[in-house]
Amino acid sequence: MLDLEVVPERSLGNEQWEFTLGMPLAQAVAILQKHCRIIKNVQVLYSEQVIEVYDLTKVKLKYCGVHFNSQAIAPTIEQIDQSFGATHPGVYNSAEQLFHLNFRGLSFSFQLDSWTETPKYEPNFAHGLASLQIPHGATVKRMYIYNGNSLQDTKAPLMPLSCFLGNVYAENVDVLRDGTGPSGLRLRLLTAGCGPGVLADAKMRVFERCVYFGDSCQDVLSTLGSPHKVFYKSEDKMKIHSPSPHKQVPSKCNDYFFNYFTLGVDILFDANTHKVKKFVLHTNYPGHYNFNIYHRCEFKIPLVIKRDSADSQTETCTTYSKWDSIQDLLGHPVEKPVVLHRSSSPNNTNPFGSTFCFGLQRMIFEVMQNNHIASVTLYGPTRPSSQLRTSDLPQ
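Parameters and conventions
- Residues numbered from 1 in each chain as written.
- Predicted model: local features only at pLDDT ≥ 70, side-chain atom pairs only at ≥ 80, totals over all residues.
- Heavy atoms only, no water.
- Helix = DSSP H or I, 4+ residues; strand = E, 2+ residues; numbered from the N terminus.
- Buried < 20%, exposed > 50% of the residue type's maximum accessible area, 1.4 Å probe, protein only.
- Contact = heavy atoms within 4.5 Å.
- Areas by Shrake-Rupley, 256 points an atom, 1.4 Å probe, with all protein chains shown as cover.
- Pairing = 2+ DSSP bridges.
- Polar contact = N/O pair within 3.5 Å; in protein donor to acceptor, adjacent residues only side chain to side chain.
- Core = buried A, V, L, I, M, F, W, Y, C linked by side-chain atoms within 4.5 Å.
- Axes fitted to C-alpha atoms, helices over the stretch in contact; angles between N-to-C directions.

Draft legend 1. Looking closely at the overall build of the protein chain. Scanning the protein chain for helices and strands turns up 4 helices and 23 strands. For the protein chain, the residues scored as buried account for 42% of the 395 residues in total. Once local pairs closer than 6 in sequence are excluded, the contacts in the protein chain between residues at least 24 apart make up 55%. Roughly 22,300 Å² of accessible area belongs to the protein chain as shown, and the carbon and sulfur atoms make up 53% of that amount.

Draft legend 2. Here's a closer look at the pairing of strand β12 (residues 182–192). Burial analysis of β12 places 9 of its 11 residues in the buried class, which makes it a mostly covered element. Examined bridge by bridge, strand β11 (residues 169–177) and β12 share 8 bridges and lie antiparallel to one another. Of the residues in β12, the one forming a bridge with V173 is L187. As paired elements, β12 and strand β13 (residues 204–212) share 9 bridges and run antiparallel to each other.

Draft legend 3. Inspection of unusual backbone geometry at higher detail. Unlike most non-glycine residues, N41 shows phi in positive territory, near 50°. Secondary-structure assignment places N41 in the loop between α1 (25–34) and β4 (50–53). Exposure remark for N41: the relative accessible area of 80% places this residue in the exposed category. Of note, the phi angle at N284 is positive, near 60°, even though the residue is not glycine. Along the chain, N284 turns up in the loop between β17 (276–282) and β18 (299–305).

Draft legend 4. Highlighting the side chain of Q97. You can see Q97 is positioned in the loop between β7 (91–93) and β8 (98–103). For Q97, the side chain forms a polar contact with the side chain of Y92, separated by 2.8 Å.

Draft legend 5. Looking closely at the nonpolar core. Membership of the largest hydrophobic core comes to 40 residues, with the highest contact counts inside it found for L185, I267 and F365. Considering each element in turn, this core owes the most residues, 4 residues, to β18. Once residues within four sequence positions are removed from consideration, I267 is found in contact with V220, L224, Y256, F257, F258, Y260, V276, K278 and F279. The next biggest cluster of nonpolar side chains, apart from the first, holds 36 residues, and it includes L21, I51, M159 and F164.

Draft legend 6. Layout of the sheet that holds strand β10 (residues 139–146). A sheet is described by the order of its strands in space; here 5 strands give the open sequence β4-β10-β9-β8-β7, paired in antiparallel fashion. Among the strands making up the open sheet, the edge pair consists of β4 and β7. Looking at each pair of strands side by side, their axes are set apart by 25° on average, direction ignored. Pairing geometry for β4 and β10, over 4 bridges, is antiparallel. Counterpart to E52 in the pairing with β10 is Y144.

Pasting the structure below:
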């Protein structure tokens, strides 16, 4: 049985690992994978706002090193009072048949012993005063750890410094554009302060960097640092769809990507010139083939909207925009998409299904079947055409 320490407004864990509010999902999954012999039968139910313990019989829980829930200690209202002290009166929720006792960053839900007691604790019984007292002997059914004073009003916190682990993350990414289309990226980056001593690591550093189409490999390295991985493209299997594919001279070297997983960005370099020719921004939505590989890229993309009776307007597409809303902004449907199938090998199938790629203003929007955007590929002005080509599809 897991023996876990509860830290209100922060975390649930032990000496070996800790689930922290604001932790990237990839880090939480890595903990589960590392301790798979202890933590078994995992089912992922994601919430960016709370940590919930829904079955207290399967874990031991302690606060400030003292157990309030174990095989020998029942988590009754008396035990909670003893462990956590006084707080505001409990609130009865008639729809859930539960009492909620709230502390800062921590809430307990208590189950009534029998359904016959329910009417006594309705808010309109005895002028509602009975609902202020949780019945003696009531036991905790669920526990919630969250940020702030109220579970109803809680918001997802920023990533704690303990989760940076020496990496750089992007708070937001703005797509820069000129008169013809995208010209580069402006990234607002976050990292934990580095230097000698523990106190130096307790600060967050914020800085901005810009990368552009045509930047050299050395330019990008000096601007963003080393990538997490370098990926060399294999032979382009989609060139059959290009004009006169039989006339294309096979390349003796391959284009290559710099994969920045914590930024949610890939940068493609030309194999001959070693200059930037493409950016790929990842939204990391569940149900996509690449889910949990990249941190979500919080991008903003300006779209030029041309109206018949007025000058061009600029609207903004974000990570959370849906494809139908983008088409509504354009005022007309985009041309038919290219259907993209992904699989790790010829004998494997992709359980997440196909995605659809739409070309728009020197960008390719990869759209999932649920209408969410999976990725956006930006390509530079050196291309001979701004129309969607199969060789530009996300890899």
